[in-house]
Amino acid sequence: MSHKSAIANLTHLCTRYMETDVQDGETLSELLRDISGILFYLETVRADYHNKWSTFVNDKIAAKMSVARAQVEADVRYPELYELRRTMDAAYTVVNAIRTNISYLKSEIHNSK
């Protein structure tokens with residue numbers, strides 16, 4: 001799976017979450033599992049891009065380029081890192097919302113007894 005297809009799948013799952021009934025615990029649990037799995041994969045991709053970005057910056061600094069300029073050039077060379085960072089941060093927010101919703105459903109079940 002490429003990171004682009006993983007991001008597309010993540011987007012689809014987050015859209016499904018927005019369309020899911022807040023009382024549908026089974027679907028919420030399934031979405032949580034699927035989104036978490038994709039995020040795990042994307043963390044490995046992000047780590048790889050971060051290593052490439054860091055190596056590029058360190059090489060440029062060793063060649064007497066300023067740190068700021070080296071970072072800007074690395075950002076231009078590896079735009080995937082920014083895309084991954086922003087997308088994953090948003091997906092982690094969705095994961096937290098799903099967990100909160102599931103927790104609420106559990107407390108409602110427990111309190112109704």
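The structure we're discussing is the one just above.
Here the residue numbers are simple positions, counted from 1 along each chain's written sequence. This being a predicted model, a pLDDT of at least 70 is required before a residue's local features are given, and a value of 80 or more before pairs of side-chain atoms are given or counted; all residues contribute to the totals for chains, interfaces and linings. Hydrogens and water are ignored here; the side-chain numbers use all heavy atoms of the structure.

A. How the structure looks around the side chain of T27. By the criteria applied, helices consist of DSSP H or I runs no shorter than four residues and strands consist of E runs no shorter than two, each listed in order from the N terminus. On the secondary structure map, T27 appears in helix α2 (residues 25-62). Throughout this description, buried means an accessible area under 20% of the type-specific maximum (1.4 Å probe, protein chains only), exposed means over 50%, and partly exposed covers the range between. When its relative accessible area of 16% is taken as the criterion, T27 is described as buried. For T27, the side chain forms a polar contact with the side chain of D24, separated by 2.6 Å. Two residues form a contact once any of their heavy atoms are found within 4.5 Å. Dropping the residues within four chain positions of it, T27 is found in contact with R16 and T20. Here a polar contact is taken to be a pair of N or O atoms separated by no more than 3.5 Å, where protein atoms must pair a possible hydrogen donor with a possible acceptor and residues adjacent in sequence count only if both atoms sit in side chains.

B. Structural view of unusual backbone geometry. Despite not being glycine, K64 shows a phi value in the positive range, around 75 degrees. With respect to the helices and strands, K64 occurs in the loop between α2 and α3 (67-77). A relative accessible area of 76% means that K64 is categorised as exposed.

C. Representation of the packing of aromatic side chains in the model. To pair, rings of Phe, Tyr and Trp, with the six-membered ring standing in for Trp, must have centres within 6.5 Å; the planes then decide the type, stacked if under 30 degrees apart, edge-to-face if over 60, and tilted in the middle. This model, assessed by the stated rule, comprises two aromatic pairs. Ring geometry for F56 against Y78: centres 6.3 Å apart, planes inclined by 80 degrees, an arrangement best described as edge-to-face. In this pair, F56 is assigned in helix α2 and Y78 in the loop between α3 and α4 (79-111), connecting sequence segments 22 residues apart. Residue F56 shares its accessibility class with Y78, and that shared class is buried. Pairwise contacts between aromatic rings join Y49, F56 and Y78 into one cluster. Throughout this description, the term charge over a ring refers to an Arg CZ or Lys NZ atom that lies within 6 Å of the ring centre and within 35 degrees of the ring normal. Sitting above the plane of the Y49 ring, K52 keeps its charged end 5.1 Å from the centroid.

D. Molecular detail of the pattern of salt bridges. A pairing counts as a salt bridge when a side-chain nitrogen of Lys or Arg comes within 4 Å of a carboxyl oxygen of Asp or Glu. On inspection of all chains with the given rule, the structure shows six salt bridges. Note that R16 is salt-bridged to E30, the shortest N-O span being 3.4 Å. Within this pair, whereas R16 is found in helix α1 (residues 3-19), its partner E30 is found in helix α2, the two being separated by 14 residues in sequence. Exposure remark for R16: the relative accessible area of 26% places this residue in the partly exposed category. The class for E30 is partly exposed, based on a relative accessible area of 31%. The shortest N-O distance in the salt bridge between D34 and R33 comes to 3.1 Å. Note on R33: relative accessible area 56%, which makes it exposed.

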